[in-house]
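Residues per chain are reported as follows:
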Amino acid sequence: MNISFVDLHAQYLSIKSEIDAAISEVIAQSAFIRGPHVTRFEDAWAQTLGVKHCVSCANGTDALYIAMRALGVKPGDEIITTAHSWISTSETISQAGGRVVFCDTDYETFTIDPALIEAKITPATVGVIPVHLYGQSADMDPIMAIARKHNLWVIEDCAQAHRARYKGRVAGTFGNAATFSFYPGKNLGAYGDAGCIVTNDNHLADWAAAFARHGGKGEHVMEGVCSRMDGLQGAILNAKLPHLPAWTEARRRVAARYDKLLEGVGDIITPKVAPDRDHVYHLYVIRTEKRDPLRKYLTDAGIATVLNYPKALPFYPAYGYLGHAPEDFPVAYANQSRILSLPIFPEMSEEMIVYVVERIESFFTNLPGGADRRPDRMAACSGSAS
Ligand SMILES: Cc1ncc(COP(=O)(O)O)c(C=O)c1O
């Protein structure tokens, strides 16, 4: 059996008529750049999250950059962010003129460890960017308390956390602003690049919208950038949005099955969810000391896996100038050689989940000194799909 990491085609087929109609409408209206479909999506997404403003832009990376410019980042400003994320989170700090200050992560949740943030604050610190990594919110209460105490702004990077919750409140509503990516593979994904900034701050929203459209359409009050959402992406996101709650539930079901079936298999550590959080499982990331051979074994069995991410950010050549050593970020450093993202997508059947687990079990059973063979799960599942 071949199992892809995500299956966007299966998702398309499940809502084909809605997507096809949305695309046809945009073409019939020639509503290619921004326009009514994008405006409708901005309103719908703001309403979904319960925020005042959604400013669409071309992608989630631009959203971070524009939000930082809107918050007035200037050369020399220091911004604290997690050592474990996709590079968009940190490269945009430098693009905006700031200085990247990395902070290690919490062992259980992979998100920035609030207990370590204060030690990183200097007179030059202006903001903090927590990332709700893999679909689980960072620990927002202590982060916001530190930000208030030191008069720092907070941008939540929600690229992987559409509709995740922290203490019942939706991620993206804690900081001064939050940014989303609608990259195709995201929990809510477009058919190309797309992103947005959400905020309750009127001035920030106005400034960001103007900056993203060449400094204001008609009236160029400043030089800006060109970061627009396409009409096609807006229309596709409008078609997909009503399905997001069900897709999120389906992801949670897949994660719950993995959790249960992987219990006690080899040395695997399944993802931990803090009791006050609703994880949306953009990614399902296990940890094992046997990561590389396991990954090869799964690849040979037709199962796609991904490393999110092969290195913690401070250890990429791009940040060599910071001169960090592994002991500066012991948790993120240890995780980089242990993490493995398993396939997860809403359309994943029970048979697929069981196949992945069975192959993982078989890998550990075949190791020297491996455990006795476990029950034949594929037979037990008898080809049923759920
Ligand atoms: C944590 C995080 N931040 C930012 C981004 C950037 O989003 P985009 O690819 O839409 O620019 C991503 C995308 O993968 C991400 O995972």
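Our subject is the structure that appears above.
Residues numbered from 1 in each chain as written. Predicted model: local features only at pLDDT ≥ 70, side-chain atom pairs only at ≥ 80, totals over all residues. Heavy atoms only, no water.

## A look at the packing of aromatic side chains
Part 1 of the reasoning: One pass over the structure, following the stated rule, counts 20 aromatic pairs.
Part 2 of the reasoning: Aromatic pair F41 and F182: ring centres 5.2 Å apart, planes at 90 degrees, arrangement edge-to-face. Taken together, the residues span a long stretch of sequence, with F41 in helix α3 (residues 36-49) and F182 in the loop between β8 (177-181) and β9 (195-199) at a distance of 141 residues. Assigned by exposure class, F41 and F182 land together as buried.
Part 3 of the reasoning: By the ring-pair criterion, three or more aromatic residues cluster together here, those being F102, F315, Y319, Y321, F329 and Y333.
Part 4 of the reasoning: The ring of F174 has R169 sitting right over it, with the charged end atom 4.2 Å from the ring centre. (Phe/Tyr/Trp six-rings, centres within 6.5 Å; stacked < 30°, edge-to-face > 60°. Helix = DSSP H or I, 4+ residues; strand = E, 2+ residues; numbered from the N terminus. Buried < 20%, exposed > 50% of the residue type's maximum accessible area, 1.4 Å probe, protein only. Lys NZ or Arg CZ within 6 Å of the ring centre and 35° of its normal.)

## So, the sheet that holds strand β1 (residues 53-57)
Part 1 of the reasoning: Across the sheet, which stays open at both edges, the seven strands sit in the order β1-β9-β8-β5-β4-β2-β3 with mixed pairing between neighbours. Each edge of the open sheet carries a strand with a single partner, namely β1 and β3 (99-103). When strand polarity is set aside, the average angle formed by the axes of neighbouring strands in this sheet is 25 degrees.
Part 2 of the reasoning: Of the strand pairs in this sheet, strand β4 (residues 125-129) and strand β5 (residues 153-157) are connected by two bridges, and their pairing is parallel. In the strand pairing of β5, G127 is matched with W153.
Part 3 of the reasoning: Along the sheet, α3 makes contact with β1, β8 and β9, crossing β1 at roughly 135 degrees.
Part 4 of the reasoning: Contacts from helix α6 (residues 140-150) reach β4 and β5 within the one sheet, and its direction differs from that of β5 by about 150 degrees. (Pairing = 2+ DSSP bridges. Axes fitted to C-alpha atoms, helices over the stretch in contact; angles between N-to-C directions. Contact = heavy atoms within 4.5 Å.)

## Here's the deal with the site of the ligand
Part 1 of the reasoning: Around the ligand, 15 residues are found, and the nearest of them are G60, T61, D157, S181 and K186.
Part 2 of the reasoning: At 2.7 Å from a nitrogen atom of the ligand is found a side-chain nitrogen or oxygen belonging to D157.
Part 3 of the reasoning: Q160 is positioned such that a nitrogen or oxygen atom in its side chain is 2.9 Å from an oxygen atom of the ligand.
Part 4 of the reasoning: Elements with a contribution of two residues or more to the shell around the ligand: α4 (60-70) and α5 (88-95).
Part 5 of the reasoning: With three residues, the single largest contributor to the shell around the ligand is α4.
Part 6 of the reasoning: Per-class residue counts for the shell around the ligand are five nonpolar, eight polar and two charged. (Near = heavy atom within 4 Å. Polar contact = N/O pair within 3.5 Å; in protein donor to acceptor, adjacent residues only side chain to side chain. Nonpolar A, V, L, I, M, F, W, Y, C, P; charged D, E, K, R; others polar.)

## Quick notes on the side chain of S137
Part 1 of the reasoning: Looking at the element boundaries, S137 is found in the loop between β4 and α6.
Part 2 of the reasoning: Take S137: its relative accessible area is 0%, and that puts it in the buried class.
Part 3 of the reasoning: When neighbours within four sequence positions are excluded, S137 is seen to be in contact with T111, H132, R165, Y166 and R277.

So, to be careful, I would describe these as geometric facts and stop short of saying anything about function.
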